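Structural overview for review
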Amino acid sequence: MLLVAGLMIAFNVVVYREFAAGRLSSSYLAANAHATAYLLRVVGEPAVAVGSSIVSSRFSLDIKAGCDAVQPSAFFVFVVLASPVAVSWTRRVSTAVAGTAVLMLLNLARLLTLYYTGVYWKEGFDFVHADVWQAAFILLPLFLWIGWVRRVVRQPVACSNVLA
């Protein structure tokens, strides 16, 4: 667990010193906004992406660093790579990539629900944003990791066809 803590500290130093201040971060946040606006248009919402913002006549949402699933994804990658289970590196890396993709897709679902919360329940937006989704993105990588560990350490159960 110390290894994961050290990796997260190093990751945060790099991300918040370099990534969040640079062009790469704004491009990534804008990509999230464009993907979300596209999905909103697919379901009939008049939304467009302007930089890292989703703008419509009904509600506007600005995507900031920290609302992008980068930290939960990093945590998931680090716990998968540092787990003391007998699994090949190929399987660890493929699990880390798949889990990151799942978290990124769930983040799009998060952005969609935040948009609709703003449209239909403005007074509940802060609650859904800070309490519901923040808690979810703390727990989601942990649950994904626990599920993965349970799958890889599960021993095959011997079946018996003996009737008593």
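Our subject is the structure that appears above.
Note that the structure is a prediction, hence the values are computed from the model and not measured.

**A look at the sheet that holds strand β2 (residues 53-55)**
Overall, antiparallel pairing links the three strands, which are arranged β1-β2-β3 in an open sheet. On the outer flanks of this sheet lie β1 (48-50) and β3 (61-62), each paired with one strand and no other. When β2 meets β3, the two strands line up antiparallel, connected through two bridges. Residue pairing in the sheet places Ser53 in a bridge with Asp62 of β3.

**As for the packing of helix α3 (residues 70-82) against helix α5 (residues 125-153)**
One way to put it is that α3 packs onto α5 with a least axis distance of 9 Å and a crossing angle of 25°. Viewed along their axes, α3 and α5 adopt a mutual orientation that is roughly parallel. Note on packing geometry: the crossing formed by α3 with α5 is right-handed. In this structure, α3 contributes Pro72, Phe75, Phe76, Val79 and Val80 to the contact, and α5 contributes Phe137, Pro141, Leu142, Leu144, Trp145 and Trp148. Looking at the contact of α3 with α5 residue by residue, the class counts come to 11 nonpolar, no polar and no charged.

**Let's talk about the packing of aromatic side chains**
Ring pairs (aromatic) are described by centroid distance and by the angle formed between their planes. On inspection of all chains with the given rule, the structure shows seven aromatic pairs. Arranged with centres 5.6 Å apart and planes meeting at 50°, the rings of Phe59 and Phe125 form a pair that is tilted. With Phe59 in the loop between β2 and β3 and Phe125 in helix α5, this pair connects stretches of sequence that are 66 residues apart. Judged on exposure class, the residue Phe59 and its partner Phe125 are both buried. Judged by centre distance (5.9 Å) and plane angle (40°), the ring pair of Trp133 and Phe137 falls under tilted. Separated by four residues within a single helix, Trp133 and Phe137 lie in helix α5, roughly one turn from each other.

**A look at the nonpolar core**
One finds Ile54, Leu61, Ile63, Phe78, Tyr115, Trp145 and Trp148 to be the most contacted residues of the largest nonpolar core, which totals 40 residues. If you tally residues by element for this core, the top one is α5, at eight residues. Not counting the four nearest positions on each side in its chain, Ile63 is found in contact with Leu29, Asn32, Ala33, Ser52, Ile54 and Leu111.

**What to know about α5**
In this model, α5 (29 residues) spans 40 Å end to end at C-alpha, consistent with the 42 Å of a helix rising 1.5 Å per residue. Three or more residues of α5 are buried, namely Phe125, Val128, Trp133, Phe137, Pro141, Trp145, Trp148, Val149 and Val152. Contact partners of the buried residues in α5: β3, α3 and α4 (89-120).

**Some remarks on the side chain of Ser83**
You can see Ser83 is positioned in the loop between α3 and α4. Given a relative accessible area of 5%, Ser83 falls into the buried group. In contact with Ser83, not counting residues within four places along its chain, are Arg92, Trp145, Trp148 and Val149.

**Thoughts on the side chain of Ser56**
Its location among the elements puts Ser56 in the loop between β2 and β3. A polar contact of 3.1 Å, which involves the side chain of Ser56, links it to the backbone oxygen of Phe59. Among the polar contacts made by the side chain of Ser56, one reaches the side chain of Tyr115 at a distance of 2.7 Å.

What counts, and where the lines are drawn
- Residues numbered from 1 in each chain as written.
- Predicted model: local features only at pLDDT ≥ 70, side-chain atom pairs only at ≥ 80, totals over all residues.
- Heavy atoms only, no water.
- Pairing = 2+ DSSP bridges.
- Helix = DSSP H or I, 4+ residues; strand = E, 2+ residues; numbered from the N terminus.
- Axes fitted to C-alpha atoms, helices over the stretch in contact; angles between N-to-C directions.
- Parallel < 35°, antiparallel > 145°, perpendicular 65-115°, else oblique.
- Left-handed = near helix turned anticlockwise from the far one by under 90°.
- Contact = heavy atoms within 4.5 Å.
- Nonpolar A, V, L, I, M, F, W, Y, C, P; charged D, E, K, R; others polar.
- Phe/Tyr/Trp six-rings, centres within 6.5 Å; stacked < 30°, edge-to-face > 60°.
- Buried < 20%, exposed > 50% of the residue type's maximum accessible area, 1.4 Å probe, protein only.
- Core = buried A, V, L, I, M, F, W, Y, C linked by side-chain atoms within 4.5 Å.
- Expected span 1.5 Å × (residues − 1).
- Polar contact = N/O pair within 3.5 Å; in protein donor to acceptor, adjacent residues only side chain to side chain.

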